[in-house]
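A look at the structure
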Amino acid sequence: MFLIEKPFLSPRLHLLRPPPHPHPSSSTFPSRNYILKETSRRSFPVKWAHSTSTMAAATEDNWSLKDQIAKVFEVSLKVTVPDEPEVAPLIAACAKKEFGDYQCNNAMSLWSKIKGKGTEFRGPQPVGQAIMKNLPTSEMIESTSIAGPGFVNVKLSRQWMAKSIQKMLKDGIETWAPKLPVKRAIVDFSSPNIAKEMHVGHLRSTIIGDTLARMLEYSKVEVLRRNHVGDWGTQFGMLIEFLFEKFPDGEVSDQAIGDLETFYKASKQRFDGDPEFKDRAQKAVVSLQGGEEKYRKAWAQICEISRKGYGKVYEHLGVHLEEKGESFYNPYIPGTLDLLREKGLIEESEGAQVIFIEGKKIPLIVVKRDGGFNYASTDLAALWYRLNEEKAEWIIYVTDVGQREHFEMFFTAAKRAGWLPTDESKYPKTNHVGFGLVLGDDGKRFRTRSSEVVKLVDLLDEAKTRCKAALVERGKAAEWTAEELEHTAEAVGYGAVKYADLKNNRLTNYTFNFDQMLNDKGNTAVYLLYAHARICSIIRKSGKDVEELKKEGQLILEKEEERKLGLHLLQFAEIVEDACTNLLPNILCEYLYDLSEKFTSFYSECQVVGSAEETSRLLLCEATALVMRQCFHLLGITPVYKI
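Analysis parameters
Residues numbered from 1 in each chain as written. Predicted model: local features only at pLDDT ≥ 70, side-chain atom pairs only at ≥ 80, totals over all residues. Heavy atoms only, no water. UniProt positions renumbered as here; feature names shortened; annotations may be inferred. Salt bridge = Lys/Arg side-chain N within 4 Å of Asp/Glu carboxyl O. Helix = DSSP H or I, 4+ residues; strand = E, 2+ residues; numbered from the N terminus. Buried < 20%, exposed > 50% of the residue type's maximum accessible area, 1.4 Å probe, protein only. Pairing = 2+ DSSP bridges. Axes fitted to C-alpha atoms, helices over the stretch in contact; angles between N-to-C directions. Contact = heavy atoms within 4.5 Å. Expected span 1.5 Å × (residues − 1). Core = buried A, V, L, I, M, F, W, Y, C linked by side-chain atoms within 4.5 Å. Polar contact = N/O pair within 3.5 Å; in protein donor to acceptor, adjacent residues only side chain to side chain. Phe/Tyr/Trp six-rings, centres within 6.5 Å; stacked < 30°, edge-to-face > 60°.

- The name recorded for the protein in an unreviewed UniProt entry is arginine--tRNA ligase, from Cynara cardunculus var. scolymus.
- In its Function (unreviewed entry) section, UniProt records this for the protein: "Forms part of a macromolecular complex that catalyzes the attachment of specific amino acids to cognate tRNAs during protein synthesis."
- The record held by UniProt for the protein lists under Sequence similarities (unreviewed entry) the comment "Belongs to the class-I aminoacyl-tRNA synthetase family."

Have a look at this one:
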């Protein structure tokens, strides 16, 4: 159990920030040796910092193709319906490409607003006709047309498209980054428990969270990557006492402890089967929370050994996080609960302290019957810290869908407290990014043959081993250096595991199958990485200096397959924005696969090397490779350049 520490000084008496927590900042779990300091009395500021209105929309230099078209229609809408203020252009890609590239869908909704107001229009189609007629001259638009009840179809200019792609080649892919309406976000992901191995269940949280963080970072958002590890609680009493039994001299190393999962299970067995040991373990929790040096040191040793194990997994995956675990927020819990009590939110119920949530059969328990804290109290304290100390505008929690109700209740409590606006369109805001299960071929949770959970590090090692074997079978060991073979096996193997997960809608379960994910055909990372390598090979075989071509060459989208590929490239920014806004990495995966397919169609129809259009088509190849590499980066996949 958690014992309640001495409460913080009343926030009405002290408006100073708590002193910095002793946990230093780091990334990817470097070796650290820290212990909790005295935390029984801290001041607690009352300052819920959040905007009560929506933040500024995307900045003027947002490159999103959809937004650029919207700016043109915005001018027309103001002329067409001057008495209807703030009409936002409704722009979407055309479902039927024979009609155009994009369409403006405002006519019907506008007609429903203005009919009966003495308008000159006699239906939605005349409204659409007027919107089309009032469009200002724009070099990006080649032609427009009307379809159905006033849909205004737009076909983009080939010359403008080519010029825009060429500008990106000169200025860099960063110029295509979308601009989001937040400056600082927190992504809370991975979050393993100390003294337990990371298993396949942690895979989804880790790689989904990393991809969301990467997309936000690319969009110029400052992202605080938080690893909310389970490093505090009753289990540490039994772990510490078991540690004392095994190593009475206090000399502990990860080699001596061996497999942490086995160590945890052995200590749990002692706890469940030996009343005397259980009593000592419960007293050890009190000693740890009371700050006794011996117990702090043992706790820190267990945490450090765990971090070394996690570090290997994060290194394999190329994932970086900063740890702020349960122990970090524990000192803030009493003050947080005091604030909630002052607002009258916390009530007594059957010996526990709870917050009742409308529409829920059970309340949100914040203090258990035994006086201990729980996940809800920790999460509330963490939210207070993130809003007030870290000034986060968007806080994203990446956990399995099974925790959905907990987050719904937790977020509702925060809104009732006034920490979050009730309007979902306003900031700061929180989102729970839920995900489904990883299944085996039998349709059940993915486990080993002995029904044990699959260790994540073993799974990644096997992916690399299988990939390396496939490369050797194809004769690459004779063609490449050992270092090249190792690097490619890692890039393709780890990339295959990530992509097989990310390409699925995160809310669904998916079946983990090595044979499928390592297939070089179909929608797999292997196919996509090889497609990128083939593009690089085409450019190399030309013998041309692409950097010089970027300066002196001209891109022309003359043939239809060239135009289709060019249009898809130009849609990259809005795809990333869509994936960020909806917190769905699979949107980016779908785009990447479609990009590869469109390049294949282009290459089968349009000769590149040795053609009269070689320079233009090499530039189109380079633009495709550049966008593919950015997609790989956002998905946390390392590209390969030769096969």
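1. Quick notes on the pattern of salt bridges
- A complete count under the given rule lists 44 salt bridges for this structure.
- The salt bridge involving glutamate 304 is made with arginine 307; its shortest N-O contact spans 3.4 Å. Of this pair, glutamate 304 and arginine 307 both sit in helix α10 (residues 293-317), three residues apart, which is roughly one turn of that helix.
- When its relative accessible area of 10% is taken as the criterion, glutamate 304 is described as buried.
- Note that arginine 307 is salt-bridged to glutamate 323, the shortest N-O span being 2.6 Å. Of this pair, arginine 307 sits in helix α10 while glutamate 323 is found in strand β7 (residues 322-323), placing the two residues 16 residues apart along the sequence. For the pair arginine 307 and glutamate 323, one class covers both residues: buried.
- Here the salt bridges do not stand alone but share partners, grouping Glu241, Glu245, Arg270, Asp274, Glu276 and Arg280 into one network.

2. As for the sheet that holds strand β10 (residues 364-367)
- One open sheet accounts for three strands, arranged β8-β9-β10; its pairing is antiparallel. Only two strands of the sheet have a single neighbouring strand rather than two, namely β8 (347-349) and β10. Pairs of neighbouring strands in the sheet enclose a mean axial angle of 50°, with direction left out of account.
- Together, β9 (352-355) and β10 form the strand contacts of helix α13 (residues 375-388), whose direction differs from that of β10 by roughly 80°.

3. As for helix α24 (residues 614-634)
- The first and last C-alpha atoms of α24 sit 30 Å apart over 21 residues, in line with the 30 Å expected at 1.5 Å per residue.
- Looking one or two residues beyond α24, the residue adopting positive phi is glycine 636, at roughly 75°.

4. Side note on the pairing of β9
- Alternating positions in β9 separate into two faces, Ala352 and Val354 on one and Gln353 and Ile355 on the other, with burial throughout.
- Pairing of β8 with β9, which is carried by three bridges, proceeds in the antiparallel orientation. The partner of glutamate 347 across the bridge, within β9, is valine 354.
- In textbook terms, the turn of a hairpin is the stretch between consecutive antiparallel strands, and for β8 and β9 this stretch comprises two residues, one of which, glutamate 350, has a positive phi near 55°.

5. Considerations on the sheet that holds strand β1 (residues 91-93)
- Read from one edge to the other, the open sheet built from four strands follows the order β1-β2-β4-β3, with strand pairing classed as antiparallel. Every interior strand has two partners, whereas the edge strands, β1 and β3 (141-147), have only one. Direction aside, neighbouring strands of the sheet carry axes that sit 30° apart on average.
- Note: strand β2 (residues 102-104) against strand β4 (residues 151-156), three bridges, orientation antiparallel. Its bridge partner being in β4, tyrosine 102 is matched across the sheet by valine 154.

6. A look at unusual backbone geometry
- Each neighbour pair has its own omega, and for tyrosine 427 with proline 428 the value is 0°, a cis peptide bond.
- Among the secondary structure elements, proline 428 is positioned in the loop between α14 (404-416) and β12 (429-435).
- At lysine 220, a position not held by glycine, the phi torsion is positive, near 70°.
- Structurally, lysine 220 can be placed in the loop between α5 (201-218) and β6 (222-227).
- Given the relative accessible area of 48%, lysine 220 is considered partly exposed.
- The backbone phi angle of lysine 391 is positive, close to 55°, even though this residue is not glycine.
- Mapped onto the secondary structure, lysine 391 falls in the loop between α13 and β11 (394-400).
- Classification of lysine 391 by relative accessible area gives partly exposed; the value is 37%.

7. A look at the nonpolar core
- Counting residues in hydrophobic clusters, the biggest one holds 165 residues, and the most contacted among them are Leu65, Trp176, Leu216, Leu459, Phe512, Phe572 and Val627.
- At twelve residues, the largest contribution of residues to this core is made by α24.
- When near neighbours in sequence (up to four residues on either side) are disregarded, leucine 65 contacts Tyr102, Met140, Leu156, Trp160, Leu567, Leu570, Gln571 and Glu574.
- Membership of the second largest hydrophobic core comes to 37 residues, among which are Tyr332, Ile333, Phe373 and Ala392.

8. A short note on the side chain of lysine 179
- By the secondary structure assignment, lysine 179 is in the loop between α4 (158-171) and β5 (184-188).
- Given a relative accessible area of 15%, lysine 179 falls into the buried group.
- Polar contacts involving the side chain of lysine 179 include one to the main-chain carbonyl oxygen of alanine 177, which spans 3.2 Å.

9. Some remarks on the packing of aromatic side chains
- Counted under the stated rule, the structure contains 22 aromatic pairs.
- Centre to centre, the rings of tyrosine 329 and tyrosine 385 are 6.0 Å apart; their planes meet at 70°, and the pair counts as edge-to-face. Of the two residues, tyrosine 329 sits in helix α11 (residues 326-329) while tyrosine 385 sits in helix α13, which places them 56 residues apart along the sequence.
- For tyrosine 329, a relative accessible area of 0% gives the class buried.
- Centroid distance phenylalanine 407 to phenylalanine 410: 6.2 Å. Interplanar angle 55°. Geometry classified as tilted.

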